[in-house]
Amino acid sequence: MSEDRPIVNPQPRRNADGTTTVTTLDAGDVRLLCPSWCRVQHGYLHQPAKADIAHRSESEWALVETPETGPTSFVQAGLVQWPFSQQSQVFLDVETDDGFKQVGPTAAREIAAALRAHADYIDAMAAKLVAIRAGEDQ
């Protein structure tokens with residue numbers, strides 16, 4: 001094979017029984033049945049190890065459209081599972097200031113509570129902005 005041609009990773013194969021076959025580095029062909037929430041096609045840029053095969057849901061962003069900046073998004077979250085890894089449970093995959101974190105239900109609820117508290121803080125700051133712009137709090 002020529003040095004200038006890229007190595008092409010084998011694409012996943014859809015099987016008649018609804019499963020998908022992924023060719024892995026360490027286990028050969030692995031057949032998987034995706035959970036109902038999985039939305040990935042299981043194509044990988046590089047041939048994965050079996051433990052790196054991941055189910056992922058659609059990720060949702062908190063979206064807002066502001067008069068000053070137009071549409072913007074923040075806080076991406078979705079479900080993720082590595083079914084053949086040592087941590088095979090389903091996690092919430094949430095974007096943080098230092099990358100993505102995978103958390104369980106307790107931490108997911110703590111994140112939701114922190115976002116609600118932060119929303120209250122932002123509402124208070126919005127009220128302060130109104131007062132400042134009205135000249136009431138100079």
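Preceding this paragraph is the structure being described.
Residues numbered from 1 in each chain as written. Predicted model: local features only at pLDDT ≥ 70, side-chain atom pairs only at ≥ 80, totals over all residues. Heavy atoms only, no water.

A.B. asks: I would appreciate a short explanation of helix 1 (residues 105–133) in the present structure.
C.D. replies: Think of an α-helix as 3.6 residues a turn; residues three or four steps apart then line up on the same face. Taking 1.5 Å of rise per residue, the 29 residues of helix 1 would be expected to cover 42 Å, and the 42 Å separating its terminal C-alpha atoms lies within 8% of that figure. Immediately downstream of helix 1, the backbone of Gly 135 shows phi near 80°, a positive value. (Helix = DSSP H or I, 4+ residues; strand = E, 2+ residues; numbered from the N terminus. Expected span 1.5 Å × (residues − 1).)

A.B. asks: I keep staring at the pattern of salt bridges and nothing clicks. Help me out?
C.D. replies: Note that side chains of opposite charge can pair when their charged atoms are close. Within the structure shown, the criterion is met by 4 salt bridges. Among the salt bridges present, the one from Asp 29 reaches Arg 13, with a minimum N-O distance of 2.7 Å. Of the two residues, Asp 29 sits in strand 3 (residues 28–32) while Arg 13 sits in strand 1 (residues 13–14), which places them 16 residues apart along the sequence. One salt bridge in this structure joins Arg 56 and Asp 93, with 3.1 Å as the shortest N-O distance. Here the residue Arg 56 occupies a position in strand 4 (residues 55–56), and Asp 93 occupies one in strand 7 (residues 90–96), the gap between them amounting to 37 residues. Taking the relative accessible area as the measure of exposure, Asp 93 reaches 9% and is therefore buried. (Salt bridge = Lys/Arg side-chain N within 4 Å of Asp/Glu carboxyl O. Buried < 20%, exposed > 50% of the residue type's maximum accessible area, 1.4 Å probe, protein only.)

A.B. asks: Teacher, can you tell me more about the pairing of strand 2 (residues 20–24) here?
C.D. replies: Walk down a regular strand and you will see the side chains alternate between the two sheet faces. Across the 5 residues that make up strand 2, a large majority, 5, are buried. The side-chain alternation of strand 2 yields two buried faces, one formed by Thr 20, Val 22 and Thr 24 and the other by Thr 21 and Thr 23. In this structure, strand 1 lies alongside strand 2, joined through 2 bridges in antiparallel fashion. Paired with Arg 13 across the strands is Thr 21, a residue of strand 2. Connecting the antiparallel pair strand 1 and strand 2 is a turn made up of 5 residues, with Gly 18 showing a positive phi of about 90°. (Pairing = 2+ DSSP bridges.)

A.B. asks: When you look at the sheet that holds strand 1 in this model, what are you seeing that I'm missing?
C.D. replies: Each strand in a sheet pairs with another by means of backbone hydrogen bonds, the pair being arranged parallel or else antiparallel. With antiparallel pairing, the 3 strands of this open sheet are ordered in space as 1-2-3. The open sheet has two edge strands, strand 1 and strand 3, and neither has a second partner. The pairing of strand 2 with strand 3 spans 5 bridges and is classified as antiparallel. Each residue of the ladder has a partner; that of Thr 21, found in strand 3, is Arg 31.

A.B. asks: What is the right way to look at the nonpolar core in this model?
C.D. replies: With 5 residues, the main nonpolar core is built from Val 22, Val 30, Leu 32, Tyr 44 and Ile 53. Each residue touching Ile 53, except ones within four places of it in the same chain, is listed here: Val 22, Thr 24, Val 30, Leu 32, His 42, Tyr 44, Pro 48, Gln 81, Trp 82, Pro 83 and Phe 84. (Core = buried A, V, L, I, M, F, W, Y, C linked by side-chain atoms within 4.5 Å. Contact = heavy atoms within 4.5 Å.)

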